[in-house]
Amino acid sequence: MNGREAVELLHRMVAIASPSGEEGDLADFLAGRMSEFGMRSRIDEAGNVIGEIGSGAGPTIAMVGHLDTVDDPIATRLTDTRLYGRGAVDAKGPLAAMLASAVKAGPSFPGTLIVAGVVEEETPGSRGAMHVRRSWPRPDALIVGEPSGWDSVVLGYKGKIDIAYRVRRPATHPSNPVEKAVEAATAFWAAALEAAGPERSHAAFRLPGVTLCELVGDMVEARLELSYRTPPGYDGDALVARLRHLAGDGSVEVLNAVRAVSVGRRDPVVRSLTAGIRRVGGTPHPKLKTATSDMNTLAEVWDIPMATYGPGDSSLDHSESEHIVIDEFLRGIDVLGAAVDELRLVADDNLADAAPPVPTPKGVHP
């Protein structure tokens, strides 16, 4: 696959709308293209599209991106230097770069390269990645496809706890001094914010952050949703227990929870991606992100070398001007190709003996 063909592939992918829960058309398209490129392709029970290539006589390297986007379409437009459209950055660009690098490695690759586009990463349940971790044999190494920038590698993500609070109060006149449901909900929000801990920031990897995602209600019934982003070592169980105590006669439901994850700079996948960036002429930059990704989900059960990588500027995620720079996309393909080439030189036992990712030991109480 040459550069022009890779850009054409990504253009087609971005043009196919695939909001969470509606990824079928894109999965079908990619399964067909994978077969045309000489990969063994299939769509699994969850709707994930999976392609494999290589001789099988060596390590298994998985590259997992996601098919879905937020449900906020924008026009797809290709210029000489940029591709605009929903998913160009988050995360069809990284997925297309993974696919192109696997095709370049070809059927003679001494091992197995797996490229997977999973469903519903943008939803709380991460259904596609959950199915992968339940049903796949554990690979030897993993690259998760999210926008890091072509010359950066993501070493870790915060965890997440999504909470729903509900409360009811008897109907009464607005002038009655008794607490109304919506007042109880706003009081709970203030208490829930304090419950996260004395220091909070969405900008700092080592501090928790809290977002009020939704508040709806009236005097009789109210509901709110909170999202906590939690650093390594954060005691999520203690937080939930505290929230249930603060809720009083209201109810607290945990909608989703995943722990933070981080790997070291000497992780074999990190080192291979770093070497790939240097080989393509860049200066590598390690990153820790304050969001979450399928790296969190997979690290909870796969104690293998892993990191996240992909071309694209993550500040454009979900934005009205989402786009990827074509040159950076093509550089990302070359970086991934070089990284895969580096990883194939690492024997299976060396990968297995490498320090695993750390999905947050408990002990730091809110």
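Residues numbered from 1 in each chain as written. Predicted model: local features only at pLDDT ≥ 70, side-chain atom pairs only at ≥ 80, totals over all residues. Heavy atoms only, no water.

### Here we look at the overall build of the protein
- Of the regular secondary structure elements, the protein holds 10 helices and 16 strands.
- The C-alpha radius of gyration computed for the protein amounts to 22 Å, which stays within 12% of the reference 21 Å derived for 366 residues, consistent with globular compactness.
- Expressed as a percentage of its 366 residues, the buried residues of the protein come to 53%.
- In the protein, of all internal contacts separated by at least 6 residues, the share reaching a separation of at least 24 is 79%.
- A total accessible area of about 15100 Å² is found for the protein, and carbon and sulfur atoms account for 50% of it. (Helix = DSSP H or I, 4+ residues; strand = E, 2+ residues; numbered from the N terminus. Rg over C-alpha atoms; globule rule 2.2 N^0.38 Å. Buried < 20%, exposed > 50% of the residue type's maximum accessible area, 1.4 Å probe, protein only. Contact = heavy atoms within 4.5 Å. Areas by Shrake-Rupley, 256 points an atom, 1.4 Å probe, with all protein chains shown as cover.)

### Some points on the sheet that holds strand S12 (residues 251–258)
- Strand order in this open sheet of four strands is S10-S11-S9-S12, and the pairing throughout is antiparallel. With partners counted over all chains shown, the strands left at the sheet margins are strand S10 (209–217) and S12, one partner each. Strand-to-strand twist of the sheet, defined as the mean angle between neighbouring strand axes without regard to direction, takes the value 15 degrees.
- Sheet topology places S10 next to strand S11 (residues 221–230); eight bridges connect them, and they run antiparallel. What sits directly across from Gly-217, in S11, is Ala-222.
- In the packing of helix H6 (residues 236–246) onto the sheet, contacts are made with strand S9 (159–168), S11 and S12, and the angle to S9 comes to roughly 10 degrees. (Pairing = 2+ DSSP bridges. Axes fitted to C-alpha atoms, helices over the stretch in contact; angles between N-to-C directions.)

### Brief notes about the packing of aromatic side chains
- The tally for this structure, following the rule as stated, stands at two aromatic pairs.
- Seen from their ring centres, Tyr-165 and Phe-188 are 4.0 Å apart, and the 5 degrees between their planes marks the pair as stacked. Of this pair, Tyr-165 sits in strand S9 while Phe-188 sits in helix H5 (residues 181–195); the two residues are 23 residues apart in sequence, bridging distant segments of the chain.
- Judged by its relative accessible area of 2%, Phe-188 is buried.
- Arg-77 extends its terminal NZ or CZ atom over the ring of Tyr-84, reaching a point 4.3 Å from the ring centre.
- When the ring centre of Trp-150 is taken as reference, the NZ or CZ atom of Arg-331 above it lies at 4.8 Å. (Phe/Tyr/Trp six-rings, centres within 6.5 Å; stacked < 30°, edge-to-face > 60°. Lys NZ or Arg CZ within 6 Å of the ring centre and 35° of its normal.)

### Brief notes about the sheet that holds strand S16 (residues 323–325)
- Reading across from one edge, S4-S5-S16 is the order of the three strands in this open sheet, with antiparallel pairing throughout. In this open sheet, the two edge strands, each paired with only one partner strand, are strand S4 (77–78) and S16.
- In this structure, strand S5 (residues 82–84) lies alongside S16, joined through three bridges in antiparallel fashion. Residue pairing for S16: Arg-82 is matched across the bridge by Val-325.

### Brief notes about the environment of Pro-284
- Inspection of the secondary structure assignment puts Pro-284 in the loop between helix H7 (268–279) and strand S14 (285–289).
- The exposure class of Pro-284 is buried, given its relative accessible area of 17%.
- Separated by 194 residues in the primary sequence, Pro-284 and Asp-90 have C-alpha atoms spaced 21 Å apart.
- Not counting residues within four places of it along the chain, the set of residues in contact with Pro-284 comprises Asp-151, Thr-274, Ile-277 and Arg-278.

### Let's talk about the packing of helix H1 (residues 3–15) against helix H2 (residues 24–36)
- H2 packs onto H1 with a crossing angle of 160 degrees between their chain directions and a minimal axis gap of 10 Å. When the axis of H1 is compared with that of H2, the two are roughly antiparallel. You can see that H1 and H2 cross each other, and the crossing is right-handed. Mapping the contact onto sequence places Leu-9, Arg-12 and Met-13 in H1 and Leu-26, Phe-29, Leu-30 and Arg-33 in H2.
- The class makeup of the residues in the contact of H1 with H2 is five nonpolar, no polar and two charged. (Parallel < 35°, antiparallel > 145°, perpendicular 65-115°, else oblique. Left-handed = near helix turned anticlockwise from the far one by under 90°. Nonpolar A, V, L, I, M, F, W, Y, C, P; charged D, E, K, R; others polar.)

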